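If you want the building blocks of each chain, they are given just below.
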Amino acid sequence: MQVAFIVDPLSQLQVGHDTSVALMEALQKRGHRIFCLGLADLYWDQGETWGSVEEIVLDLGADPWYEVKERRLLPLSQMQAVWMRKDPPVDAAYLYATYLLDHLSPRRTLVLNHPAGIRSANEKLYALRFKEWIPRTCVSSSKALLRQFVEQVGQAVLKPLGGKGGEGILRVNAGDPNLNSLIELSTQFGRLPVMVQEYLPQAAAGDKRILLLEGEPLGAVNRIPGEGDFRGNVAAGGRVEKTEIAEKERALCAALAPVLRQEKLYFVGIDVIGERLTEINVTSPTMLREICQLEGVDLADQVAQWLEKKVPIKA
Ligand SMILES: Nc1ncnc2c1ncn2[C@@H]1O[C@H](COP(=O)(O)OP(=O)(O)O)[C@@H](O)[C@H]1O
Ligand SMILES: [Mg+2]
């Protein structure tokens, strides 16, 4: 197969941590060719979507871990799969890229996650579709409403709707003299809605990431907040720990599965705290490497095998 990855600049990816690199590595091992491009390398010309792509060969032991064989202009219809794994923010450049990807025919090229699926699923707001599974939550740009919610629950987290890796997540308490100011900063003075959620004390014991492939749980890892922080994100200093998927969490995955399949959100990472759903990561879910290392299983190879079966044109 020829598989294109839309990613952040390769020099910014972390070999030992990044799921995109793990997927590229697994595909290369199985004999497939890897092409990379950024959002700005996508374009539409002569009736179809093209990319200015770099074909790379990975050598994870070397520095850098990839060798660029060639940069070429190619219609992306020549790819069996295009994997959109650009990190958030889902800004205008990101959205425009999804519109260009819409033009790839599903009879020739599998685009994953599906561009329309990504557009419909803001990572924080998408969880609201499964409201019986989420903690008490309010989404608003109104200071009065957000304040009232915090006062009702006592302890809460304020979340900007477009963040990742713990960015901008604040833990707030009723009675905090900074509360008004924190709400103002978070909502950009009432310009943007934010999510406020009851603080789940189980977060201290970990924020569990469960990776789902076509709605089926693939593996999980627990992320424990580091010293002096309440956030479990590895990017915010959290550490990873082996874990199991509990029965209730399997029921949660089963509740999500039909919706994820319907929206062609093939590779997704959900965050679960105290068996409550807090986030559905659809853009560039990570932790595949960590799960493989902790569990001693080659899940990246499993995903590569799945992709071989899923693409419309086998090569
Ligand atoms: N309701 C909650 N209660 C306690 N901690 C939370 C809650 N929601 C999020 N957190 C903490 O904040 C971190 C980031 O939250 P999350 O919603 O997953 O956003 P993102 O990972 O995109 O930054 C989590 O890893 C967790 O430690
Ligand atoms: Mg998260």
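Definitions and limits used
- Within each chain, residues carry numbers counting from 1 in the order of the written sequence.
- Whichever chain is written first is A, and whichever ligand is written first is 1; the rest continue in order.
- Reporting of local features is limited, given that this is a predicted model, to residues whose pLDDT is at least 70; pairs of side-chain atoms are given and counted only at 80 or more, and all residues count toward the totals for whole chains, interfaces and linings.
- The side-chain figures draw on all heavy atoms in the structure; neither hydrogens nor water molecules are used.
- The criterion for a residue being near a molecule or strand is simple. One of its heavy atoms has to lie within 4 Å of it.
- Polar contacts, as counted here, are pairs of nitrogen or oxygen atoms within 3.5 Å of one another; within protein the pair requires one atom able to donate a hydrogen and one able to accept it, and residues that are adjacent in sequence qualify only if both atoms are side-chain atoms.
- Each accessible area value is a Shrake-Rupley result obtained with a 1.4 Å probe; residue values ignore everything except the protein chains displayed when judging cover.
- Numbering of helices and strands starts at the N terminus; helices are DSSP runs of H or I of at least 4 residues and strands are runs of E of at least 2.
- The residue classification treats Ala, Val, Leu, Ile, Met, Phe, Trp, Tyr, Cys and Pro as nonpolar and Asp, Glu, Lys and Arg as charged. All others, Gly included, are polar.
- For every domain, the bounds stem from an assignment made automatically or drawn from a database.
- Whether two strands pair comes down to DSSP finding at least two bridges between them.
- Between N-to-C directions, angles span 0 to 180 degrees; the directions come from axes that are lines fitted to C-alpha atoms, helices contributing only their stretch in contact.
- Only heavy atoms matter for contacts: two residues are in contact if any of them lie within 4.5 Å across the pair.
- Should the near helix be turned anticlockwise from the far one by less than a right angle, the crossing is left-handed, and should it be turned clockwise, the crossing is right-handed.

(A) Expanded view of the site of ligand 1. Near ligand 1 there are 22 residues, and of these Lys159, Gly166, Asp207, Asn233 and Glu279 occur at the shortest range. At 3.4 Å, a backbone N or O of Phe230 approaches an oxygen atom of ligand 1. Here an oxygen atom of ligand 1 sits 2.8 Å away from a polar atom, N or O, in the main chain of Gly232. Summarising the interface, the protein chains cover 99% of the accessible area of ligand 1, which totals 530 Å² for the free molecule. Counting residues per element, the ones that place at least two in the shell around ligand 1 are β9 (155-160), β11 (194-198) and β15 (267-273). For the shell around ligand 1, the per-class residue count stands at 7 nonpolar, 6 polar and 9 charged.

(B) Inspection of the domain arrangement of the chain at higher detail. Looking at the assigned domains, one finds that the chain contains domain 1 (2-112), domain 2 (136-199) and domain 3 (202-302). Domain 1 and domain 2 are separated by 36 Å when their C-alpha centres are compared.

(C) Molecular detail of the environment of Gln14. Residue placement: Gln14 occurs in the loop between β1 (2-6) and α1 (19-29). Taking C-alpha positions, Gln14 is 9.5 Å from Trp65, a pair spaced 51 residues apart along the chain.

(D) Highlighting the sheet that holds strand β8 (residues 137-140). Across the sheet, which stays open at both edges, the 4 strands sit in the order β8-β11-β9-β10 with antiparallel pairing between neighbours. With one partner strand each, in any of the chains shown, β8 and β10 (170-173) form the two edges of the open sheet. Averaged over all pairs of adjacent strands, the angle between their axes in this sheet comes to 25 degrees, without regard to strand direction. Where β9 and β10 come together, 4 bridges link them in antiparallel fashion. Bridge pairing in β10 links Leu158 to Leu170. Contacting β8, β9, β10 and β11, helix α4 (residues 143-153) crosses the sheet at an angle of about 10 degrees to β11. Lying over the sheet, helix α5 (residues 179-186) contacts β9, β10 and β11, oriented at roughly 150 degrees with respect to β10.

(E) The arrangement of the packing of α1 against helix α8 (residues 299-310) in detail. With their axes 8 Å apart at the nearest point, α1 and α8 run at an angle of 65 degrees to one another. Judged by the twist between their axes, the crossing of α1 over α8 is right-handed. Contact with α1, carried on its side by Ala22, Leu23, Ala26 and Leu27, involves Ala300, Asp301, Val303, Ala304 and Leu307 of α8 and no other residues of that element. The class makeup of the residues in the contact of α1 with α8 is 8 nonpolar, no polar and 1 charged.

(F) Spatial organisation of the sheet that holds strand β14 (residues 239-241). Spatial ordering of the open sheet is given by β14-β13-β12-β15-β16, a layout of 5 strands whose pairing is antiparallel. Of all strands in the sheet, those bounded by a partner on one side alone are β14 and β16 (276-281). Adjacent strand axes in the sheet meet at a mean angle of 30 degrees, parallel and antiparallel pairs treated alike. Sheet analysis places strand β12 (residues 207-213) next to β15, joined by 6 bridges and oriented antiparallel. Paired with Leu213 across the bridge in β15 is Phe267. In the packing of helix α7 (residues 288-295) onto the sheet, the strands contacted are β12, β13 (216-224) and β14, and the crossing angle to β13 comes to about 90 degrees. Along the sheet, α8 contacts β12, β13 and β15; its crossing angle with β13, the most-contacted strand, is approximately 150 degrees.

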